[in-house]
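Chain by chain, the residues:
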Amino acid sequence: MGIKFALFSLRFKYIRDSEAKVMDMKKQNENITGNRHNRRLNGYVFGIILVVANLFMVFPIMAQNDIKTIVIDPGHGGSDGGARGKYTRESVVALQISLKLREELAKEMPELKVLLTRDKDVLPGGLSDVNGALRWRANFANENNADLFISIHLNATPGNQRYENVKTGTKEQTYYAYSGKGKSRKKVKKTRTVAIYEKHRLPPSVFGTQTYVLASDYYKGKVAAASKASAKMEDYEQGDEEGVEMPEMDPVEARIRAKQYAKYFFQKSLTLATYCEEEFAKIGRRSMGVWQRDWAAAAGIHVLTATQMPSILIESGFVDHWEEEDYLKSDEGSEAMAKSIVEAIKRYRNGLINPENLTTQKTQANVTE
Ligand SMILES: [Zn+2]
């Protein structure tokens, strides 16, 4: 798939280069009186070559029916710890799940090549800046011709950081009052009994898994992102991805990638994401379903915008939910998550090899726009 995609990418470069060539040809036509007929004929021949090239390059992508390389991307790392739990950080737990996932994949599908963007608690690529590392993650997947990109994260929400004031006792408080009028006005020291309150954290109430895919329609995303989609998901992004900006992408490049994604990768990403959420539900996790994130609001899942293959981002649970933190940090929990993802990949792969088994549309997962 990678090579085919490389060809596909080349195609865009080829068109851009060829547009430059056509411009050159036009200039030459204006400046030099040459054989116009020949030049026009060259243009036609060139056009036909482009059309044929397109056909050859597009169809092999559609015919792809298995996967060879998977890139697993543990989110954050090192100086970028991600969301905070009571005693651990997102970067640590995401790595733990990712390492288990690599282990389980090696057991279950040893024929697959499995690569991690990082296998230590550091930013990948030996980098120290978060945005550079994000670009590195995507480039790593692209350069290794990955057929799947799976980013592992954990969530946090202000909904889990609620406090209440609890009365723990009383104390005597001194205050001053005035009595009398005119020259007989006096300042009088008085005491009163006041309540003592202590700030107590309320038990976290938001928990569960979410899997993100990019929305299929870039243009729709640009309009919708600012309103409902971001309003709805704002909560879940705070505390996570702190201070991370979306890496800059040339708008033309972004549009081309968005179209490629919509055409070739959206359905596949959605299928895999759906399977993951279904598998999480099977092991008793609370599945919050599959979420679509618009491109313009993709700050939390920016790494997906730059990868040229089906890609998903799993929010494995809320690290600021005490029970989920314990569960995900435990060997059993992280292993169960890894096994669920392996099951989802198996089903996805089975669907590629036997398209009649693909059950993309009949999903119980909640697809949110
Ligand atoms: Zn994260």
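Residue indices begin from 1 for each chain and proceed along its sequence in written order. Confidence filtering applies because this is a predicted model: local features only for residues at pLDDT of at least 70, side-chain atom pairs given and counted only at 80 or more, and all residues used for totals across whole chains, interfaces and linings.

Draft legend 1. Spotlight on the overall build of the protein. The numbering of helices and of strands both runs from the N terminus, where a helix is a DSSP run of H or I of at least 4 residues and a strand a run of E of at least 2. Of regular secondary structure, the protein possesses nine helices and nine strands. What counts as a contact is two residues whose backbone-derived C-beta atoms lie within 7 Å of each other. Sequence separation of at least 24 residues holds for 80% of the intrachain contacts in the protein that already meet a minimum separation of 6.

Draft legend 2. Structural view of the packing of helix H3 (residues 90-108) against helix H9 (residues 331-353). To define axes, lines are fitted to C-alpha atoms, for helices over the stretch in contact only, and angles between the resulting N-to-C directions are given on a 0 to 180 degree scale. Between H3 and H9, the least distance of the axes is 8 Å, while the angle of their chain directions is 50°. With respect to H9, the axis of H3 lies oblique. Of the two elements, H3 crosses H9, and the hand of that crossing is right-handed. For the pair H3 and H9, contact is made by Gln 96, Ile 97, Lys 100, Leu 101, Glu 104, Leu 105 and Glu 108 and by Ser 334, Glu 335, Met 337, Ala 338, Lys 339, Ile 341 and Val 342, respectively. The residue makeup of the contact of H3 with H9, split by class, is seven nonpolar, two polar and five charged. Any angle that falls under 35 degrees is termed roughly parallel, while one over 145 is termed roughly antiparallel, one within 65 to 115 roughly perpendicular, and all others oblique. Left-handed describes a crossing in which the near helix is turned anticlockwise from the far one by less than a right angle; the clockwise case is right-handed. Residues are grouped as follows: nonpolar covers Ala, Val, Leu, Ile, Met, Phe, Trp, Tyr, Cys and Pro; charged covers Asp, Glu, Lys and Arg; every other residue, Gly included, is treated as polar.

Draft legend 3. Broad picture of the pairing of strand E1 (residues 69-74). Think of it as a crowd count around each C-beta: if 20 or more other C-beta atoms lie within 10 Å the residue is buried, if 12 or fewer it is exposed, and in between it is partly exposed, with C-beta placed from the backbone throughout. Taking burial as the measure, the six residues of E1 include five buried ones, the bulk of the element. Relative to strand E2 (residues 113-116), E1 runs parallel, the two being bridged by four bridges. Following the sheet pairing, Ile 70 is matched in E2 by Val 114. At least two DSSP bridges between two strands are needed for those strands to be called paired. Where E1 meets strand E3 (residues 148-155), five bridges bridge the pair, whose relative direction is parallel. Along E3, the bridge assignment pairs Ile 72 with Ile 150.

Draft legend 4. Representation of unusual backbone geometry. Phi is positive for His 76, which is not a glycine, with a value near 60°. Take His 76: it is sitting in the loop between E1 and H3.

Draft legend 5. Seen up close, the environment of Leu 202. Looking at the element boundaries, Leu 202 is found in the loop between strand E5 (186-201) and strand E6 (209-214). Among the residues examined, Leu 202 registers 10 C-beta atoms within 10 Å and is labelled exposed. For Leu 202 and Asn 165, which are 37 residues apart along the polypeptide, the C-alpha to C-alpha distance reads 9.9 Å. Not counting the four nearest positions on each side in its chain, Leu 202 is found in contact with Arg 162, Tyr 163 and Glu 164.

Draft legend 6. Seen up close, the nonpolar core. Think of a nonpolar core as buried Ala, Val, Leu, Ile, Met, Phe, Trp, Tyr and Cys residues chained together by C-beta atoms that fall within 7 Å. Membership of the largest hydrophobic core comes to 61 residues, with the highest contact counts inside it found for Ile 70, Ile 97, Ile 150, Cys 276, Ile 312 and Ile 341. It is helix H6 (residues 251-282) that contributes the most residues to this core, 10 residues altogether.

Draft legend 7. Summary view of H9. Here the expected length of a helix is defined as 1.5 Å per residue gap, with one fewer gap than residues. For H9, built from 23 residues, the straight-helix expectation of 33 Å at 1.5 Å per residue is met to within 8% by its first-to-last C-alpha distance of 33 Å. When we look at burial in H9, the residues that qualify are Gly 333, Ser 334, Ala 336, Met 337, Ala 338, Ser 340, Ile 341, Ala 344, Ile 345 and Tyr 348.

Draft legend 8. Layout of the confidence of the model for the protein. Per residue, pLDDT captures the predictor's confidence, and it can take any value from 0 to 100. Here the protein shows a mean pLDDT of 77. Residues at 70 or above account for 67%. In the predicted structure, residues 1-37 sits below a pLDDT of 50 and forms 24 contacts with residues beyond four places in sequence or in another chain. Every residue in residues 360-369 scores below 50 in pLDDT, and together they form 20 contacts with partners more than four places removed in sequence or on other chains.

Draft legend 9. Fine view of helix H4 (residues 130-143). The terminal C-alpha atoms of H4, which comprises 14 residues, lie 20 Å apart, in line with the 20 Å expected from a rise of 1.5 Å per residue. Among all positions in H4, only Ala 133, Leu 134, Arg 137, Ala 138, Phe 140 and Ala 141 are buried. An end-on view of H4 places all buried positions within 155° of arc, on one side of the element. Comment: arc refers to directions from the helix axis out to C-beta atoms.

Draft legend 10. Inspection of the environment of Ala 273 at higher detail. You can see Ala 273 is positioned in helix H6. Measuring from C-alpha to C-alpha, the distance between Ala 273 and Val 290 comes to 6.3 Å, with 17 residues separating the pair along the chain. Every residue in contact with Ala 273, bar those within four places of it in the chain, is listed here: Thr 211, Val 213, Val 290 and Ile 312.

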